[in-house]
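Residue-level listing of the chains:
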Amino acid sequence: MADHTATSFVTYELKGNVAHIGLNRPEKRNAISDRFVETIAETVARAESEAKAVVLFGHGDHFCAGLDLAEHVKKTPIEGVRGSRRWHAVFAGIEHGTIPWISALHGAVVGGGLELASATHIRVADKSAFFALPEGQRGIFVGGGGSVRAARLMGVARMTDMMLTGRVASAEEAERWNLAQYVVEKGMARQKAHELAEAAASNAEISNYAVLNALPRIQDMAKEDGLFVESFIASFTATSPEAEERLRAFLEKRAARLKAPGSA
Ligand code: 1HE
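Residues numbered from 1 in each chain as written. Predicted model: local features only at pLDDT ≥ 70, side-chain atom pairs only at ≥ 80, totals over all residues. Heavy atoms only, no water.

In the annotation of an unreviewed UniProt entry, the chain is listed under the name Crotonase/enoyl-CoA hydratase family protein and assigned to Neorhizobium galegae. Listed in UniProt under the heading Sequence similarities (unreviewed entry), the comment for the chain reads: "Belongs to the enoyl-CoA hydratase/isomerase family." (UniProt positions renumbered as here; feature names shortened; annotations may be inferred.)

Dropping the structure here:
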């Protein structure tokens, strides 16, 4: 059901068990103000309570132009730190929540907009999408987790280039750089993201939780620590009642078989 009453900053619509969350400040290119961040936080909580996956998109011609620079221009240093830490907390709620988030990207995916997209689990870009980190040009630095998340996705060398030179990446470049996992025709990102969200939503919830929470943490561990933790999570998920039923369904030929891409 579409719900545009909670706030004008974000729209929320539940389609089956997939929540479609739309950044909704197109007149300011979905630039994120303090109040906007709080609205995203409220929406994260709502989606966690009633959806099994999320599609995040932007209303208007752009996904998101990043931090609301008009609001930021007036801040003191400590207000800036508080604001950045709040973005971290809210985006961590997306990255390490219990449900997968798929972002559908078009137009500007810039600054804090790229940081927000980097907190989602899968990024689908349409061919109009462009990616930039103009913080250097604005005299600031990434503050929404970009130095950690975006740098891990594309690598420090590419991020350094983007931040030092103002380089703008196309959707195709972003896919090659691992900033986007899919590139689709203009206007098709939300539909593709919905298909992916439905697929992810059909998984066992505990498996999805392990993917969202264990996988990125294991990347930060030493090899032996990662393997050790993996064994426990593998055993924990495999011994859940849901896993037993899904394993039996496969063995009893009730589960869909995997198909090679392009095969009938
Ligand atoms: C904004 C913002 C914003 C637009 N904060 N108001 N982000 C940037 O440096 C990107 C800045 N924005 C742009 O480069 C362009 O706006 C776009 C390429 C995204 C879109 O261009 P265009 O021609 O469609 O729109 P516009 O005419 O530039 O902007 C329309 C309005 O949105 C205009 O306001 P108006 O009152 O004059 O109509 C713009 O001022 C406003 N607007 N972007 C505030 N970002 C946690 S740290 C993260 C640090 C960052 O994100 S730094 C990167 C910030």
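A. The arrangement of the overall build of the chain in detail. Within the chain, the regular secondary structure consists of 12 helices and 10 strands. Expected size for 264 residues packed as a compact globule is a radius of gyration near 18 Å; at 19 Å, the chain falls within 12% of this value. Expressed along its principal axes, the backbone C-alpha trace of the chain runs to roughly 65 × 45 × 35 Å. Expressed as a percentage of the 264 residues in the chain, the buried residues total 44%. Pairs at least 24 residues apart make up 69% of the contacts formed inside the chain by residues separated by at least 6 positions. Just so you have it, the chain exposes about 13,900 Å², and 58% of that area is on carbon and sulfur atoms. The centroid of the 31 positive side-chain charges in the chain is displaced by 2 Å from the centroid of its 32 negative side-chain charges. (Helix = DSSP H or I, 4+ residues; strand = E, 2+ residues; numbered from the N terminus. Rg over C-alpha atoms; globule rule 2.2 N^0.38 Å. Buried < 20%, exposed > 50% of the residue type's maximum accessible area, 1.4 Å probe, protein only. Contact = heavy atoms within 4.5 Å. Areas by Shrake-Rupley, 256 points an atom, 1.4 Å probe, with all protein chains shown as cover. Lys, Arg positive; Asp, Glu negative; His and termini not counted. Charge placed at Lys NZ, Arg CZ, Asp CG, Glu CD.)

B. Quick peek at helix 4 (residues 112-119). Within helix 4, 8 of the 8 residues are buried, leaving the element largely enclosed by the surrounding structure. Along helix 4, the positions that sit buried rather than exposed are G112, G113, L114, E115, L116, A117, S118 and A119.

C. Spatial organisation of helix 7 (residues 156-165). Three or more residues of helix 7 are buried, namely M159, M162 and M163. Along the axis of helix 7, the buried positions cluster into a sector of 90°, meaning they face one direction only. Exposed side chains of helix 7 directed beyond 90 degrees from the buried face belong to A157, L164 and T165. G166 sits one or two positions beyond helix 7 and adopts a positive phi of about 75°. (Arc of directions from axis to C-beta.)

D. A look at the domain arrangement of the chain. Segmentation of the chain into domains returns domain 1 (3-201) and domain 2 (205-251). Inter-centroid distance (C-alpha atoms) of domain 1 to domain 2 is 27 Å. Counting from both sides, the interface comprises 10 residues of domain 1 and, opposite them, 8 residues of domain 2. Buried area between domain 1 and domain 2, summed over both chains or domains, comes out near 710 Å², and the portion from carbon and sulfur atoms is 51%. Our count for the contact surface shared by domain 1 and domain 2 stands at 1 salt bridge. Here R152 makes a salt bridge to D220, at a shortest N to O gap of 2.6 Å. Split by residue class, the side of domain 1 that touches domain 2 holds 3 nonpolar, 4 polar and 3 charged. (Domains from an automatic or database assignment. Buried area = accessible area lost by both parts, 1.4 Å probe. Salt bridge = Lys/Arg side-chain N within 4 Å of Asp/Glu carboxyl O. Nonpolar A, V, L, I, M, F, W, Y, C, P; charged D, E, K, R; others polar.)

E. Molecular detail of the packing of helix 3 (residues 77-95) against helix 4. Put simply, helix 3 and helix 4 touch, their axes get as near as 8 Å, and they point 35° apart. Every residue of helix 4 that contacts helix 3 at W87, F91, I94 and E95 is listed here: G112, E115, L116 and A119. Considering only residue class, the contact of helix 3 with helix 4 consists of 5 nonpolar, 1 polar and 2 charged. (Axes fitted to C-alpha atoms, helices over the stretch in contact; angles between N-to-C directions.)

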